[in-house]
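Reading the structure
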Amino acid sequence: EKMGVEYMENPPLNLHEVFPDSTKATPLVFVLSTGADPMSTILRFAAERNYDTRTHSISLGQGQGPVADKLIQEACRSGDWVVLSNCHLAKSWMPKLEKVVEAFPNSYDIHDDFRLWLTSMPVSYFPVPVLQNSIKMTFEPPKGIRANLKGTWATVTDVMWDSCTKPRLWHKLLFGITFFHAVVQERRKFGPLGWNIRYEFNTTDLEVSMETLRMFLDEQEEIPWDALLYVSGQIHYGGRVTDDWDRRCLMCILRKYYSAQILEDAYFFDESGEYFAPDHSDMDEGVGAVRKYVEGLPTQDGVGLFGLHHNARITFETQETLKLLDTITALQPRTGGGAGGESPEEMVSALCEKLEGDMPVKLDREEAGLTTFEPNEKGDLDSLQIVLLHEMSRFNKLLARVKQTLIDLRKAIKGLVVMSGELDSMFGSMLINKVPLLWEKVSFLSLKPLSSWVKDLQSRVAFFRTWLVQGRPVCFAMPAFFFPQGFMTGALQLHARKYAIPIDTLNFSFDVLLEETLEEVQEAPEDGVKISGFFMDGARYDRETRMVADSLPKVMTDTVPVIHFKPTENYKRNTADYECPLYKTAVRAGVLSTTGQSTNFVIAVDLPTDRDPNYWVRMGAALLCALSD
C-alpha cells in the first residue's frame, strides 16, 4: 500500500563506500548541479584519512591548465591527491586532460596512493573516455527541508558540536543557521515568489557562517546580533545576491533565526508548531538528539514555513507542469501526421497572412491632435511629450520589424527567397505559439504566448494612438509603456519644472483611488499622474479595508485600482507601509542596468497594511505591469 519514505529521499553521498572502488588510474568524477559544492565533503573525507595536508586543489579556468598538469605530475610521484574543480570552465584544456587520464593505466611510476578528483557541470565537451574510465557521482543539494537538514547534520561532528565556550547559545544558534540555509535553498523552487534570481547558495556559505558564529560567541560576552546579521546576511549569503529586493527578503528571513527568541524553548518557526530548535534538555544529550529530531520532521514542507501563501504551492506545481509541457512541445516533429490536415508550412503561411492583417498601422506624428505636441511658453516640448515621441519611435520600429519579417517568411515558405537561420527559427516559434526571437530583440518585455502578445501589442498601440490623437489622457496605462521608468522620470521632471523644484528632491507619494479602471477616471489630477493596469502577485488589495491582504484561495493574481502617483518634495515614507516593488513582468528578474537596478524593476510603491511589512516581504508580494497569459 505504501512504498515508504526511502523512495522519496536521495541517500546522502558516502565517500567511505565509494572510495574503495577507486584506483590510482581511476579518477573520481562529481557531476554537479546548481547550488552543489562537493569541495567541503572531499576535504572532510581527506582529513578523516589523514590526507588533509596531502590534498591539493585547484579551480580550473583561464591559464590554470598547465598549473593543473604540473600538480598531477608531482602528485603521481608523491602519492598525494589532486582535486580539479570546475572542469567545465576549462574547455580548451579538456583534450589534454583526456590524454593525461588515458596514460594512467600504462604508467608504472604512479604511486599507489595517488587519486585524481574531478568536478564538473554536465557539458558536452567533457572527455567521454574520462567518464568511461572513472567512478561517477552526482552531487545535488537535497530537496526538502528535512532532507536538507539531514544532509547538513550528518556532517556536524561531535568535535564541532563541543567546540564553543558557550554551548547552550551555540547549539540553538547553530540549529538556527542550518535551518535558515535549508529555507533559502528551498525557496528557489517557488520561482519569483521565492527569489527574483535563482542563487547558488551552497554548503560553503553555511560552513563559513557557522565558523563566524562560533568565533563571535567565543570572543564576545554578549551576543553581537547586529554583527551576526550583517556578516552572515550581507556578506556570506548576501555576497551572492545581486538584487536589492532579494537582499531585503534574505535579511528578513535571517532575522527570524538569528534573534533572541530562538534561545527560548517555545519558539516555533511556523504556525504548524512542527518546526523549532530542539529544547536545551534534548540538545544537552549531544548532536545525536538533533539528528533524531530532524529524522522525525515531515517529508512534505508546508509553504507557511517559507512565509508564503498556500497558493505558492499551486504556482510551483504549475511551473513544473509548464516546464514539462514546454519540453514535450519542443520535441514534437514538424512534419504532419495523418492525411488531410494542413502541413506546417500551410499553417504558418496562413498565420502570417492573418497577423499581417491584424497589425496596427504605424503611429504617425501627423495624426497628432492640436494639444498633443503644443509647446510651452518657452517654445519647448515638455517631458511627457518627449516620452510619447520615444514610445512612438519604439513601437514603430517593432511594427516595421514584424510586418517585414512576416512578408519575408511567407516568401521563404514559397521558395522565393532563401530561408535564413533567423526565419527558420521564426517558423519554429510560430508553430508552437511562441513570440519569435526576431521580434523579441526589438519588443517590450513580455512572457505572453504569441496569440496573447499580438493582442497586447494592439492594445498598447491603441493607447498611444488615443494619446496622440486626443491629447494627454487623464489616466495612463502603465502596461502600455515600452519603458515605464522613463515615463516615471518624465512625470517627476514635469512637476519639478512646474514649481521650479530641484528634481533630486522629489519622490512619489502614492494614493490608491476608488476607480478600478482607466475608463472610470473622469479628470486628471492637479499634480502628478493617475496610473492604472496593475496586478498584484503574492497578495491582494482589499477594497473594503483599503489595505494589502492575503490572497484568496486559488486566486494567483488580483487587479489593483488606479493609483495616484504624486511628486512630493523631500518625501519620507511611512515605515508602517509595505514598500511594494513594481515589475514589468511576472519573472521579476532582469539585467542589471547602469542605475544598479534590474531592467525589469520600475518603482517601489508604498501600500498601506495593518500587518508587519516583513510579513509581505517573506510572502514575495509585488505589483506587476503584465501577466504571463
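Residues numbered from 1 in each chain as written. Predicted model: local features only at pLDDT ≥ 70, side-chain atom pairs only at ≥ 80, totals over all residues. Heavy atoms only, no water.

So, on to the overall build of the protein chain. Scanning the protein chain for helices and strands turns up 21 helices and 16 strands. If you line up the protein chain on its principal axes, its C-alpha atoms span 90 × 70 × 60 Å. The contacts of the protein chain with a sequence gap of at least 6 include a subset with a gap of at least 24, amounting to 75%. Carbon and sulfur atoms make up 53% of the accessible area of the protein chain, which amounts to about 31200 Å² in all. Side-chain charges in the protein chain split into 65 positive and 86 negative, and the spacing between the mean points of these groups amounts to 4 Å. (Helix = DSSP H or I, 4+ residues; strand = E, 2+ residues; numbered from the N terminus. Contact = heavy atoms within 4.5 Å. Areas by Shrake-Rupley, 256 points an atom, 1.4 Å probe, with all protein chains shown as cover. Lys, Arg positive; Asp, Glu negative; His and termini not counted. Charge placed at Lys NZ, Arg CZ, Asp CG, Glu CD.)

Now for the packing of aromatic side chains. Inspection of the entire model under this criterion finds 50 aromatic pairs. A ring pair is formed by Phe179 and Tyr275, whose centres lie 5.8 Å apart and whose planes are at 70°; its orientation type is edge-to-face. Of the two residues, Phe179 sits in helix α8 (residues 167–186) while Tyr275 sits in the loop between α11 (244–257) and α12 (280–283), which places them 96 residues apart along the sequence. Among the residues examined, Phe179 registers a relative accessible area of 0% and is labelled buried. According to the relative accessible area criterion, Tyr275 is buried, its value standing at 2%. Against the face of Phe316 rests Lys189, its NZ or CZ located 5.5 Å from the ring centre. If you follow Arg460 out to its NZ or CZ, it ends over the ring of Phe444, 3.8 Å from the centre. (Phe/Tyr/Trp six-rings, centres within 6.5 Å; stacked < 30°, edge-to-face > 60°. Buried < 20%, exposed > 50% of the residue type's maximum accessible area, 1.4 Å probe, protein only. Lys NZ or Arg CZ within 6 Å of the ring centre and 35° of its normal.)

Within the secondary structure layout, Arg54 lies in the loop between α2 (39–48) and β2 (55–59). Once the C-alpha coordinates of Arg54 and Trp81 are considered, the two residues, 27 residues apart in sequence, prove to be 6.3 Å apart.

All right, on to unusual backbone geometry then. With a phi angle near 60°, Asn433 is a residue other than glycine that sits in the positive phi range. On the secondary structure map, Asn433 appears in the loop between α17 (421–431) and α18 (437–440). According to the relative accessible area criterion, Asn433 is partly exposed, its value standing at 33%. Phi at Ala500 takes a positive value of approximately 55°, unusual for a residue other than glycine. Here Ala500 falls in the exposed class, since its relative accessible area comes to 70%.

Right, let's talk about the pairing of strand β1 (residues 28–32) for a bit. Buried residues dominate β1, accounting for four of its five residues. As defined by bridge partners, β1 adjoins strand β4 (residues 115–120) across four bridges and the pair is classed as parallel. Paired with Phe30 across the strands is Thr119, a residue of β4. (Pairing = 2+ DSSP bridges.)

Looking at the element boundaries, Leu398 is found in helix α16 (residues 383–414). The class for Leu398 is buried, based on a relative accessible area of 0%. Residues Leu398 and Glu440 lie 42 residues apart in sequence; the distance between their C-alpha atoms is 9.0 Å. For Leu398, the contacting residues outside a window of four places in its chain are Trp439, Val442, Ser443, Phe444, Trp453, Leu457 and Phe482.

If you trace the four strands from one edge of the open sheet to the other, you get β6-β8-β13-β7, paired in mixed fashion. Every interior strand has two partners, whereas the edge strands, β6 (476–477) and β7 (506–512), have only one. Summarising the sheet, β6 and strand β8 (residues 529–532) pair through two bridges and their orientation is parallel. Bridge assignment links Ala477 to a residue of β8, and that residue is Ser532. Here helix α20 (residues 484–499) sits on the sheet and contacts β6, β7, β8 and β13 (563–569); the angle it forms with β7, its principal contact strand, is near 105°. (Axes fitted to C-alpha atoms, helices over the stretch in contact; angles between N-to-C directions.)

One can describe the packing of α16 onto helix α19 (residues 450–470) by two numbers: an axis separation of 11 Å at closest approach and a directional angle of 140°. Relative to α19, α16 is oriented so that their crossing is left-handed. On α19, the residues touching Leu384, Leu388, Glu391, Met392, Phe395, Leu398, Leu399 and Val402 of α16 are Trp453, Leu457, Arg460, Val461, Phe464, Trp467 and Leu468. The residue makeup of the contact of α16 with α19, split by class, is 13 nonpolar, no polar and two charged. (Left-handed = near helix turned anticlockwise from the far one by under 90°. Nonpolar A, V, L, I, M, F, W, Y, C, P; charged D, E, K, R; others polar.)

Before going further, it helps to spend a moment on helix α14 (residues 311–331). Here α14 contains 21 residues, and its C-alpha end-to-end distance of 31 Å stays within 8% of the 30 Å for a straight helix at 1.5 Å per residue. Along α14, the positions that sit buried rather than exposed are Asn311, Ala312, Thr315 and Phe316. Buried residues along α14 cover an arc of 145° about the axis, so they all sit on one side. Facing away from the buried surface of α14 by more than 90 degrees, the exposed residues are Leu324 and Leu331. (Expected span 1.5 Å × (residues − 1). Arc of directions from axis to C-beta.)

Moving on, we get to the state of the cysteines. Taken as a whole, this structure holds zero disulfides when the rule is applied. Free of any disulfide, Cys87 has its nearest cysteine sulfur in Cys76, 15 Å distant. (Disulfide = S-S within 2.5 Å.)

Attention shifts here to the nonpolar core. Judged by nonpolar contacts, the single largest core of 132 residues is most densely connected at Trp153, Phe175, Phe179, Phe269, Trp439, Trp453 and Phe565. No other element matches the 11 residues that α16 contributes to this core. Those residues in contact with Phe175, other than ones at most four positions away along the chain, are Trp153, Phe269, Phe276, Ala277, Pro278, Met283, Val290, Tyr293 and Val294. Within the second largest apolar cluster, 23 residues are counted, among which are Cys76, Ala90, Leu97 and Val101. (Core = buried A, V, L, I, M, F, W, Y, C linked by side-chain atoms within 4.5 Å.)

Turning our eyes to something else, we now look at the side chain of Lys256. One can find Lys256 in helix α11. Look at Lys256: it is buried, it has no salt bridge, and the nearest opposite charge is Asp270 at 7.1 Å. The contact partners of Lys256, leaving out residues within four places of it in the chain, are Tyr267, Phe269 and Leu305. (Salt bridge = Lys/Arg side-chain N within 4 Å of Asp/Glu carboxyl O.)

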